[in-house]
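Examination of the molecular architecture
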Amino acid sequence: MVIPADVRSALAAHAEAESPNEACGVILLRDAVAKEYVPGKNLASSPYRFDLKVDPEVWFREDEGYELAVFHSHLSSPPRPSRTDVENIGLWEGRPYVILTVRTAELAAWRIADGRIESEELSSA
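Parameters at a glance
Residues numbered from 1 in each chain as written. Predicted model: local features only at pLDDT ≥ 70, side-chain atom pairs only at ≥ 80, totals over all residues. Heavy atoms only, no water. Pairing = 2+ DSSP bridges. Helix = DSSP H or I, 4+ residues; strand = E, 2+ residues; numbered from the N terminus. Axes fitted to C-alpha atoms, helices over the stretch in contact; angles between N-to-C directions. Polar contact = N/O pair within 3.5 Å; in protein donor to acceptor, adjacent residues only side chain to side chain. Contact = heavy atoms within 4.5 Å. Expected span 1.5 Å × (residues − 1). Buried < 20%, exposed > 50% of the residue type's maximum accessible area, 1.4 Å probe, protein only. Arc of directions from axis to C-beta. 1 Å grid on protein atoms, 1.4 Å probe; cavity = no way out; pocket = protein on both sides within 12 Å on 5 of 7 lines; lining within 4 Å. Points joined across faces, edges and corners; volume = space filled by probe spheres on them. Nonpolar A, V, L, I, M, F, W, Y, C, P; charged D, E, K, R; others polar.

1. Observations concerning the sheet that holds strand S7 (residues 106-113)
Taken in spatial order, the six strands of this open sheet run S2-S1-S5-S6-S7-S8, and their pairing is mixed. Across the chains shown, the open sheet's two edge strands, defined by having one partner strand only, are strand S2 (33-39) and strand S8 (116-120). Strand-to-strand twist across the sheet, computed as the mean angle between neighbouring axes with direction ignored, equals 35 degrees. Where strand S1 (residues 24-30) and strand S5 (residues 67-74) come together, six bridges link them in antiparallel fashion.

In structure tokens:
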């Protein structure tokens, strides 16, 4: 997966703006390249978990050929899915799962399915 500098900047800016709570949203991918970031609202208003609310129209972007990836931030813990992330995967199971650590600006991508966490290769454009 490729996250170009402009999308990465949008992720970081949203994460900083939402601190001390986790930020969350949806990344639109085409051919494994991030084309757009759609910021969401963390209904949990928590630094430890997120409950993503995003405009329902985002789901229709799949009909336009985009793959949807969920994004959220961690304040200082490594950008690896937590037990809470795995337990609450819901609709995002098997989809790209991108995490940014605000403190270090480290970004990582994963897929979570059947309780297993698998790393996704991530690069910048």
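Now, onward.
2. Some points on the side chain of Asp85
Mapped onto the elements of the fold, Asp85 is located in helix H2 (residues 83-87). In this structure the side chain of Asp85 is engaged in a polar contact, spanning 3.4 Å, whose partner is the side chain of His72. Not counting residues within four places of it along the chain, the set of residues in contact with Asp85 comprises Phe50, His72, His74, Arg80, Tyr97 and Ile99.

3. Considering helix H1 (residues 5-18)
With 14 residues, H1 should cover 20 Å at 1.5 Å per step; its first-to-last C-alpha distance of 20 Å lies within 8% of that length. Three or more residues of H1 are buried, namely Val7, Leu11, His14 and Ala15. Take H1 and look down its axis: the buried residues cluster within an arc of 100 degrees, on one side only. In H1, those exposed residues whose orientation departs by more than 90 degrees from the buried face are Ala5, Asp6 and Ala17.

4. Focus: the pairing of S5
Two faces belong to every sheet, and in a regular strand the side chains alternate between them. Taking burial as the measure, the eight residues of S5 include seven buried ones, the bulk of the element. Of the strand pairs in this sheet, S5 and strand S6 (residues 96-101) are connected by five bridges, and their pairing is parallel. By the bridge assignment, His74 is partnered in S6 with Thr101.

5. Let's talk about the layout of surface pockets
Roughly 310 Å³ of volume is contained in the largest pocket. Phe50, Asp51, Leu52, Asn88 and Trp92 are the residues nearest the centre of the largest pocket, which is lined by 15 residues in total. Among the secondary structure elements, those contributing two or more residues to the lining of the largest pocket are strand S4 (52-53) and H2. Here the residues of the lining of the largest pocket sort into eight nonpolar, three polar and four charged.

6. Regarding the environment of Glu18
With respect to the secondary-structure elements, Glu18 resides in helix H1. A residue is classified by how much of its surface remains accessible, and Glu18, at 33% relative accessible area, is partly exposed. Placed 67 residues apart in sequence, Glu18 and Asp85 show a C-alpha to C-alpha distance of 18 Å.

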